[in-house]
Amino acid sequence: MSVIYLLISISIIVAIGFFIAFIRAVKTGQYDDDYTPSVRMLFDDELIQSKAKKAKTESSTKL
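Residues numbered from 1 in each chain as written. Predicted model: local features only at pLDDT ≥ 70, side-chain atom pairs only at ≥ 80, totals over all residues. Heavy atoms only, no water.

Draft legend 1. Representation of the overall build of the protein chain. Within the protein chain, the regular secondary structure consists of 2 helices and 0 strands. Looking at the protein chain as a whole, 3% of its 63 residues qualify as buried. Of the roughly 6200 Å² of accessible surface on the protein chain, a fraction of 67% belongs to carbon and sulfur atoms. (Helix = DSSP H or I, 4+ residues; strand = E, 2+ residues; numbered from the N terminus. Buried < 20%, exposed > 50% of the residue type's maximum accessible area, 1.4 Å probe, protein only. Areas by Shrake-Rupley, 256 points an atom, 1.4 Å probe, with all protein chains shown as cover.)

Draft legend 2. Expanded view of the UniProt feature "transmembrane region" (unreviewed entry) in the protein chain. According to UniProt, the positions carrying the feature "transmembrane region" (unreviewed entry) are residues 6–26. Here residues 6–26 is 100% helix and 0% strand, with 31 Å between the C-alpha atoms at its ends. (UniProt positions renumbered as here; feature names shortened; annotations may be inferred.)

Draft legend 3. Layout of a nonpolar patch on the surface. On the surface, a nonpolar cluster with roughly 760 Å² of combined accessible area is contributed by Met1, Ile4, Tyr5, Ile8, Ile12, Ile16 and Ile20. Counting through the fold element by element, Ile12 comes out in helix α1 (residues 2–27). (Patch = residues over 30% accessible without salt bridge, like charges linked within 9 Å, V, L, I, M, F, W, Y side chains within 5 Å. Salt bridge = Lys/Arg side-chain N within 4 Å of Asp/Glu carboxyl O.)

Draft legend 4. Examining α1 more closely. Taking 1.5 Å per residue, 26 residues should reach 38 Å; α1 reaches 38 Å between its end C-alpha atoms and fits that length. In the stretch just after α1, Gly29 is the one whose phi turns positive, near 90°. (Expected span 1.5 Å × (residues − 1).)

In structure tokens:
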């Protein structure tokens, strides 16, 4: 029976530790914007192509 009390107390201590780590991560801004970086890499090629087209049209109008 004493083993159960020991395991429950250890699990509560571990849970409190994870909760403190989560609160610290939220306060430092780790979870501010987790969607944009994953989407940005999908649209990088389109931005480069549109810049190339814009540069091409600007150079052709100067001639």
